[in-house]
Amino acid sequence: MCLAIPGQIVAIDSQNTHLATVDVVGVRRKVDLGLLQDEPPVPGDWVLIHVGFAMSKISEADAADQMETLTMLGEAAAAIEEVRGYGLENEIPDYPPQRWKQ
Amino acid sequence: MATAVTKIKFREPQIEMSHGAGGKASRRLVEGLFAPLLFGSSPGPLGDAAHVQINGTKIAMTTDSFVVKPLRFPGGSIGELAINGTVNDLAVSGARAEAIVVTFVLEAGLPTEILEAEVRAMADAAEKAGVKIAGGDTKVVEHGKADGMYVTTTGIGRLLSGVEISPQSVRPGDKVLLSGPIGDHGITILLARGDLDLEADLRSDTRSVFPLVQALVRECGAGVRWMRDPTRGGVATSLNELARDCGLGIVLCEEKIPVRDSVRGACELLGLDPMHIANEGQFLAVISSQHAESALRALRATPGGEEAILIGEVHEQPDSAVLVTTPYGGSRLVDMLVGDPLPRIC
Amino acid sequence: MKFVDEFRAPELIAKAGEEIRKLADSDRHYRIMEVCGGHTHAIYRFGLKDLLPANVELIHGPGCPVCVLPMGRIDDGLSLAAQPEFIFAAFGDMMRVPGTHGSPLEYKARGMDVRIVYSPADALKLARNNPEKHVMFFAIGFETTAPSTALTLVRAKAEGLNNFSVFCNHVTIIPAIRAILDSPDMRLDGFVGPGHVSTVIGCRPYDWIAKAEGKPVVVSGFEPLDILQSIVMLLRQLRRGEAKVENQYTRVVPWEGNRAALRVMAEVFELRPYFEWRGLGFISQSALKIRESYGTWDAEQRFTVPGIRVTDPKAAQCGEVLKGVLKPTQCKLFGRECTPEQPVGALMVSSEGSCAAYYNYEHRKPITIANAATR
């Protein structure tokens, strides 16, 4: 149920606007955009593809945020360890970020 | 004189497509039915080509049949596969192909121009490979059989001097060499069939690997322990066969295995493993550790060998298995292909 | 590959691995269930288990739609399509799954027109291109795949393509998780939540796991970094004694899910009162069936379904393995009567099944009676 991979929208089919050509490192396939009709993607957008349908738009911002957090892994922990020594446990910024918890 | 009854160990009630896919099922059929009945009591490990002694001279001989749909695809056609496939089987057994005979099984209704195009392709491929087409046979079957045409080629060749390849000569510490990117041919065919609606700029890699094998043998002689062309079943199947035949472990380094982006993309989309996909223009070699670096240099200096790379080495453990290490210190076993590689959605 | 390669960066994976080792309390043994078969597959493919300390144990959950399908449904589907004018279309995943009289590929060898499709839209295309045949699409999958089937049915109806029907085996994930938690032999500390199912249903449906059961849930992506980061997040919660639902897969999963997908599912499907799950028995409100308004395209409403019930061979312990109670190697048939080439149960044939994963990816020695007992 879970094989879904990212692809970039190259072109929307002029005759059937619910279909788009999506590129995955040089492999192209027509993908149905019907499940994203509430906020239709445009050429250049990245989408998650599963069984020939686009399931979700991929947020570059969220991906970048995640990369940043992962890069800081270890550094944040080191900071926390250091601060722990000062008895400031309750003042440590929340990890992971609040917006991941809603 | 009592004759022993040869028992066959192949128990399946009917032949399935998987028996021709080059993986475990094929091996069961060959080892369980063909070998006991055809190859006598001690067949030995089954290689790409047979070496037969005639009056003191060792001749290499091999045969292969080509059943491909569609007949023409980006980068080649059934005709070229038929010539290059047999030349390559001889090459990886350490022999130069000298002559090939061809059998055609043609479907009634096949347009002549298609047949002519294939025969031209075969003539061209043979000339390029430096092999003579010495004869052949033709049969025609009813419309609806033979998918247009089936081609079988049988080739003989002369062993290169200095060659002593066998799985038994493989030792721990030996290196595994791959001539170039994998998966091109199999994915090209899959896309050319049109069922999956995928498009990519991919071509079959069909070519004769003999010049590369020759360069390797010249450089290393007996340092070349084993070779194979990973056709159906891919690199995983060929290396698993070696591992079983020599009882040692083959440990590969995942990030060293070259895969073109579009092959990778198609495999990710369809849930396929490039290591199980057929190749028609690449070969694997196991080289002794002292020759490995010079072998690589020799290949890279040969036209067509620029992308050759060392992808792993032979170990004692895990015995009779192929292990792939991931870039993160993890590892996984890679098995032979079970049936045909099937796209998956899960 | 964008949005893939970055999440496979070795240095970051090493960091995440270290973080996990730091966070895992040496006095505790953590049992974390990864629900989704796709996670099972990814963990093995990337060798992630090797990066975890011994006291962080990953248990494979029932999120493999092929594995949980009872054999009777496969028999039903194949018998419906066993007519000369039928084309049986299904995903590659189904092709080797054994029914009582063989798998779809074996039926194909015996002459049935069986086609592998990558998308339900491709099955519809087959119907369009073969007007004299009837194409029956054998639909499987959790909520990730169900919307695509639903949308295909909407398109079939709009086009008036009557030579097309769907044999629907879509199931829903929450009842499966409930069945696991209700099972007396399970002790779990937390869940790695199914990332792609959640692109459709969102993260709210897991609230009860955190609130009522007190177990943390982290909805996770499928790249190695995603899975490791999710384990980090779970361990942090466990250290703090928390139980919340978190979303690690923010680049893809919207907290509220995909409304358009949920709408099209509601238009086409309704819940079956109950459905049989391999290994978990009958679960109420756990599977989808096609509404009467789409009856013409529902194989079950249009044709007579035999309704075959087939129990698994007694020796096969598919159910316990599915629930995570037994490891695959503890099933008596594992590696002997049941192998990927000659599978007895679906967990060995499905690429996501834990038995197949163990068989293909774990370091294995020849299994003898002696060492089987110690696994």
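Residues numbered from 1 in each chain as written. Chains lettered and ligands numbered in written order. Predicted model: local features only at pLDDT ≥ 70, side-chain atom pairs only at ≥ 80, totals over all residues. Heavy atoms only, no water.

A. Seen up close, the state of the cysteines. All names here are of chain C. Applying the stated criterion to the full structure yields one disulfide over all chains. Between the sulfur atoms of Cys 64 and its disulfide mate Cys 67 the distance is 2.2 Å. As the torsion about the S-S bond is roughly 70°, the Cys 64-Cys 67 disulfide counts as right-handed. With a relative accessible area of 3%, Cys 64 lands in the buried category. According to the relative accessible area criterion, Cys 67 is buried, its value standing at 1%. No disulfide involves Cys 355; its sulfur sits 6.4 Å from the nearest other cysteine sulfur, which is in Cys 338. (Disulfide = S-S within 2.5 Å. Buried < 20%, exposed > 50% of the residue type's maximum accessible area, 1.4 Å probe, protein only.)

B. The arrangement of the pattern of salt bridges in detail. Applying the stated criterion to the full structure yields 47 salt bridges over all chains. The network of salt bridges with shared partners includes Arg 27, Glu 31, Arg 228, Glu 241 and Asp 245 of chain B. (Salt bridge = Lys/Arg side-chain N within 4 Å of Asp/Glu carboxyl O.)

C. The arrangement of the interface of chain C and chain A in detail. Contact with chain C, which involves 61 residues of that partner, is made by 45 residues of chain A. Interface area for chain C against chain A, summed over the two sides, is near 4400 Å², with a carbon-plus-sulfur share of 62%. Considering only the side of chain C, the residues that lose the most area to chain A are Phe 3, Tyr 118 and Gln 229 of chain C, jointly responsible for 14% of the buried surface there. Across the chain C-chain A interface, the total number found is four salt bridges. A salt bridge links Asp 38 of chain A to Arg 263 of chain C; its shortest N-O distance comes to 2.8 Å. Seen at the junction of chain C and chain A, the total is 14 residue pairs in polar contact (both at pLDDT 80 or more). When contributions to the side of chain C that touches chain A are tallied by element, the ones reaching two or more residues are helix H1 (10-23), helix H2 (37-45), helix H5 (120-129), helix H6 (146-159), helix H8 (195-201), helix H10 (224-239), strand E9 (245-247) and helix H11 (259-268) of chain C. (Contact = heavy atoms within 4.5 Å. Buried area = accessible area lost by both parts, 1.4 Å probe. Polar contact = N/O pair within 3.5 Å; in protein donor to acceptor, adjacent residues only side chain to side chain. Helix = DSSP H or I, 4+ residues; strand = E, 2+ residues; numbered from the N terminus.)

D. Local environment of the sheet that holds E9 of chain C. Residues and elements named next belong to chain C. Taking strand neighbours across the sheet as the criterion, the five strands line up as E2-E1-E7-E8-E9 in an open arrangement whose pairing is parallel. Strands at the two margins of the open sheet, each flanked by one partner only, are strand E2 (56-63) and E9. Adjacent strand axes in the sheet meet at a mean angle of 25°, parallel and antiparallel pairs treated alike. Bridge count between strand E7 (residues 190-194) and strand E8 (residues 217-220): four bridges; the pairing is parallel. Bridge pairing in E8 links Pro 194 to Ser 220. Those strands touched by H10 are strand E1 (30-36), E2, E7, E8 and E9, and its axis lies near 165° from that of E8. (Pairing = 2+ DSSP bridges. Axes fitted to C-alpha atoms, helices over the stretch in contact; angles between N-to-C directions.)

E. Highlighting the packing of aromatic side chains. By the definition in use, this model includes 11 aromatic pairs over all chains. Relative to Phe 3 of chain C, the ring of Trp 46 of chain A has its centre 5.2 Å away and its plane inclined at 75°; by these criteria the two rings are edge-to-face. On the criterion of chain membership, the pair formed by Trp 46 of chain A in strand E4 (residues 46-50) and Phe 3 of chain C in the segment before H1 is interchain, its members lying in two chains. Looking at Phe 3 of chain C, the relative accessible area reads 4%, which means it is buried. Seen in terms of ring centroids, Tyr 274 of chain C and Phe 282 of chain C are 5.8 Å apart; in terms of plane orientation they differ by 75°. Their pairing is edge-to-face. The side chain of Arg 110 of chain C reaches across the aromatic face of Tyr 107 of chain C, ending 4.8 Å from its centre. Lying across the ring of Phe 7 of chain C, Arg 251 of chain C places its NZ or CZ 3.7 Å from the centre. (Phe/Tyr/Trp six-rings, centres within 6.5 Å; stacked < 30°, edge-to-face > 60°. Lys NZ or Arg CZ within 6 Å of the ring centre and 35° of its normal.)

F. Geometry of the domain arrangement of chain C. All names here are of chain C. As far as domains go, chain C holds domain 1 (5-63 + 183-247), domain 2 (71-173 + 258-302) and domain 3 (318-358). Across the boundary between the two partners, domain 1 contributes nine residues, which contact 10 residues of domain 2. Between domain 1 and domain 2 lies a buried interface of about 760 Å² when both sides are counted; carbon and sulfur atoms form 79% of it. The tally of links from domain 1 across to domain 2 stands at zero salt bridges. Between the two partners, domain 1 and domain 2, sit three residue pairs in polar contact (both at pLDDT 80 or more). Where the side of domain 1 that touches domain 2 is concerned, the elements lending two or more residues are E2 and H8. With five residues, H8 is the single largest residue contributor to the side of domain 1 that touches domain 2. Class assignment for the residues of the side of domain 1 that touches domain 2 results in six nonpolar, three polar and no charged. (Domains from an automatic or database assignment. Nonpolar A, V, L, I, M, F, W, Y, C, P; charged D, E, K, R; others polar.)

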